[in-house]
Protein chains: 2
Amino acid sequence: MKKYTCTSKEEKEFLAKYDASKFERPSVTADIVILTTDAEDELNILLIKRGGFPYKGCWAIPGGFLNVGKESIDEAAARELKEETGVDGVFLNQLYTFGDVGRDPRTTVITVAYTALVPKDMLNIKAGDDASDAKLFKIRYDVTGMVLSSGDLTITEDDLAFDHEEIIRMAIKRLRNRIDYEDDAFSLLKDSKSFTVSELKKIHEAIKNRSLDLPNFRKMFFREYLDTGKVTELKDTRPVKGKPTKLYRYNG
Amino acid sequence: MKKYTCTSKEEKEFLAKYDASKFERPSVTADIVILTTDAEDELNILLIKRGGFPYKGCWAIPGGFLNVGKESIDEAAARELKEETGVDGVFLNQLYTFGDVGRDPRTTVITVAYTALVPKDMLNIKAGDDASDAKLFKIRYDVTGMVLSSGDLTITEDDLAFDHEEIIRMAIKRLRNRIDYEDDAFSLLKDSKSFTVSELKKIHEAIKNRSLDLPNFRKMFFREYLDTGKVTELKDTRPVKGKPTKLYRYNG
DNA sequence: TTAATAGTGTCTGTAAGACAATATTGC
DNA sequence: GCAATATTGTCTTACAGACACTATTAA
């Protein structure tokens, strides 16, 4: 963004006298849909259990109020991500802004939602100030829609706070669309230094919630990533159960 | 969104005592990139000339502050669109939210940007309270990038207020991506009741800023719109310079 | 040898794009 | 007939998906 420069004394006086409180203002939060994949290569989401009103005891995506004047809305999202998970410097994509009247019973709250993709090993989950618990939930689907479960605990959309179910749905939908033409999937690799085609395929499968054909996935991988230089073939191989597999590195 | 119901006396007391002013709050605006096509079938954008500080005399996309508690952010965008153009009930798509520190020299302003596609005949352009002028600008490109012109007046990105050049760029980029898989183009038809394939093609050409092959466009049109039932073939034809052309109706 | 995983090759259908050819109108 | 526009058809290339097949390792 270009730097704004005051051009006149008249304008300097205007800005000095500007009363920022003359318009009523809403609260603004940055909330984050934090997604990862688990040991079974299924998509998981980080939710916190609300310790205070409103929606006390409900599960919510992490987030918090913008420190007005001290940080941008993007920085607020990054700060919240770090506070909740210790994670810094990962993929954080702005999703959508939610501003319906009455979506928060306290006062008008505008929420700018973000999506973060974080490998599970990087997550150091802490329950923040206003949370009594924080857990990863496996995201599955049945006839009624999305089913979130963490071990024995299974929650429905009624257990989600505010309009967070809508936010989660939108995040997953957007991610599914992006995965075919953006490089989002690489953010979920366990080892950022090297990966196999099968490992990348499992991430795509988790996000799309369906199994993919390995030969066809390889063709796409070569065309979109190797031939374009986005990915480099390494000389090493990784010993697995069967034939050892070639390793690649994402030049992100 | 589901309705929130207070479940306990304790919570009712909490909400009654909640002090909404304990966190500092930013201003929030809804700004709109209003696009149309002109008589030469080229893409145009509505800009207003700022009558007051900051960026006095610069051109900006229309917008305004959220009426906190009285309207959602979507409704604020629709209200601003109506105030500036008299237009109601058209395509309004949320684009992105801008919240960098210092993007407005007065105070922290979070701007939720929208894109509106409006046929030129529907536009009844008025310069609002804080605007000294309002004009449609033709959007063209040269080696330096985007060039905006209205008759003899040509402006550069330095004549645009705030970070509005970035917002405009993003709106056009998003629209170009959407045009191939969403029904946005139909919003720009001069006559919503009937149109010809050539007319629709001209809208696609204006948005993509390149000419398209009519036979190939027809194939896409039949496959994506007619065969899917999104568009109905009418019995009438429209007399034009050469062979009369079939009319279609969008069942939007 | 068998199980398991990696990796190659082939076939089909769909779609994009270039472009030739035909059709129907007004003048 | 000619200009202008609409409309149909053909050819090539690219890509997605299904699936048969081969390769290499550990046990």
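As a reminder, the structure under discussion sits directly above these lines.
Just so it is clear, the model here is predicted, and its values are computed rather than measured.

Undergrad: So what's going on with the overall build of chain A? Which residues, and what values?
TA: Across its full length, chain A holds five helices and eleven strands. In terms of its C-alpha atoms, chain A occupies a principal-axis envelope of roughly 70 × 50 × 30 Å. Sequence-distant contacts in chain A: of pairs separated by 6 or more residues, those separated by 24 or more amount to 60%. For chain A, the exposed area adds up to about 12700 Å²; of that, 47% sits on carbon and sulfur atoms. Both charge centroids of chain A, one from 41 positive and one from 43 negative side chains, sit 5 Å from each other.

Undergrad: Explain the environment of R140(B) to me, and be specific about the residues and the numbers.
TA: All names here are of chain B. Looking at the secondary structure, you find R140 in strand β7 (residues 131-142). Ignoring any residue separated from it by four or fewer positions in sequence, one finds R140 in contact with E42, G145, M146 and V147. A polar contact is formed between the side chain of R140 and the side chain of E42, at a distance of 2.8 Å.

Undergrad: Hey, could you go over the relation of the copies chain B and chain A for me, with residue numbers and the actual values?
TA: For these two chains of identical sequence, chain B goes onto chain A by a turn of 180° and a shift of 0.0 Å along the axis, with RMSD 0.0 Å. Those values place the two copies in the arrangement expected of a two-fold rotation axis. Across chain B, the smallest distance between a C-alpha and the rotation axis is recorded for R25(B), namely 3.0 Å. By residue overlap, the copies meet face to face through one surface: 100% of the interface positions of chain B are interface positions in chain A.

Undergrad: Provide a residue-level description of the interface of chain B and chain A, including the pertinent values.
TA: Across the contact, 48 residues belong to chain B and 48 residues belong to chain A. Of the roughly 4500 Å² buried where chain B meets chain A, counting both sides, 63% is carbon and sulfur surface. Where chain B meets chain A, there are ten residue pairs in polar contact (both at pLDDT 80 or more). Considering each element in turn, the side of chain B that touches chain A owes the most residues, four residues, to helix α1 (residues 9-17) of chain B. A breakdown of the residues in the side of chain B that touches chain A according to their chemical character gives 23 nonpolar, ten polar and 15 charged.

Undergrad: An account of the side chain of D38(B) is requested, with residue identities and associated values reported.
TA: Relative to the assigned elements, D38(B) resides in the loop between β1 (27-37) and β2 (43-50). Taking relative accessible area as the criterion, D38(B) reaches 6% and is therefore assigned buried.

Undergrad: How would you sum up a negative patch on the surface? Please name residues and give values.
TA: On the surface, a cluster of negative charge is made up of D74(A), E75(A), D100(B) and E166(B). Among the secondary structure elements, E166(B) is positioned in helix α3 (residues 164-178). Overall, E166(B) belongs to the partly exposed group, its relative accessible area being 40%.

Undergrad: Tell me about the protein's contact with DNA strand C, residues and numbers included.
TA: For DNA strand C, the set of nearby residues contains 21 residues, the closest of which are S198(A), P215(A), R218(A), N216(B) and R223(B). Within the contact set of DNA strand C, a base nitrogen lies 3.3 Å away from a side-chain nitrogen or oxygen of D213(B). Elements with a minimum of two residues in the surface near DNA strand C: α5 (214-226) and β11 (245-250) of chain A together with α5 (214-226) of chain B. For the surface near DNA strand C, the element with the most residues is α5(A), which contributes five residues. Grouping the constituent residues of the surface near DNA strand C by class yields six nonpolar, five polar and ten charged.

Undergrad: I'd like to hear about the protein's contact with DNA strand D, residue by residue, with values.
TA: For DNA strand D, the set of nearby residues contains 21 residues, the closest of which are N216(A), R223(A), S198(B), P215(B) and R218(B). Of all DNA strand D atoms lying within 4 Å of any protein atom, the proportion belonging to sugar or phosphate reaches 61%. Here a phosphate oxygen of DNA strand D sits 2.7 Å away from a polar atom, N or O, in the side chain of R218(B). Residue assignment for the surface near DNA strand D shows that the elements contributing at least two residues are α5 of chain A together with α5 and β11 (245-250) of chain B. Ranked by residue count, the leading element in the surface near DNA strand D is α5(B), at five residues. Taken together, the residues of the surface near DNA strand D break down into six nonpolar, five polar and ten charged.

Undergrad: Explain the packing of helix α4 (residues 197-208) of chain B against α5(B) residue by residue, including any values.
TA: Residues and elements named next belong to chain B. Two numbers describe how α4 lies on α5: the axes approach to 10 Å, and their chain directions differ by 100°. The orientation of α4 with respect to α5, classified from their angle, is roughly perpendicular. For the pair α4 and α5, the contacting residues are V197, S198, L200, K201 and H204 in the first and L214, F217, R218, M220 and F221 in the second. Along the lines of polarity and charge, the residues of the contact of α4 with α5 split into six nonpolar, two polar and two charged.

Reading the values: rules and limits
- Residues numbered from 1 in each chain as written.
- Chains lettered and ligands numbered in written order.
- Predicted model: local features only at pLDDT ≥ 70, side-chain atom pairs only at ≥ 80, totals over all residues.
- Heavy atoms only, no water.
- Helix = DSSP H or I, 4+ residues; strand = E, 2+ residues; numbered from the N terminus.
- Contact = heavy atoms within 4.5 Å.
- Areas by Shrake-Rupley, 256 points an atom, 1.4 Å probe, with all protein chains shown as cover.
- Lys, Arg positive; Asp, Glu negative; His and termini not counted.
- Charge placed at Lys NZ, Arg CZ, Asp CG, Glu CD.
- Polar contact = N/O pair within 3.5 Å; in protein donor to acceptor, adjacent residues only side chain to side chain.
- Least-squares fit on C-alpha atoms with pLDDT ≥ 70 in both.
- Buried area = accessible area lost by both parts, 1.4 Å probe.
- Nonpolar A, V, L, I, M, F, W, Y, C, P; charged D, E, K, R; others polar.
- Buried < 20%, exposed > 50% of the residue type's maximum accessible area, 1.4 Å probe, protein only.
- Patch = residues over 30% accessible without salt bridge, like charges linked within 9 Å, V, L, I, M, F, W, Y side chains within 5 Å.
- Salt bridge = Lys/Arg side-chain N within 4 Å of Asp/Glu carboxyl O.
- Near = heavy atom within 4 Å.
- Axes fitted to C-alpha atoms, helices over the stretch in contact; angles between N-to-C directions.
- Parallel < 35°, antiparallel > 145°, perpendicular 65-115°, else oblique.

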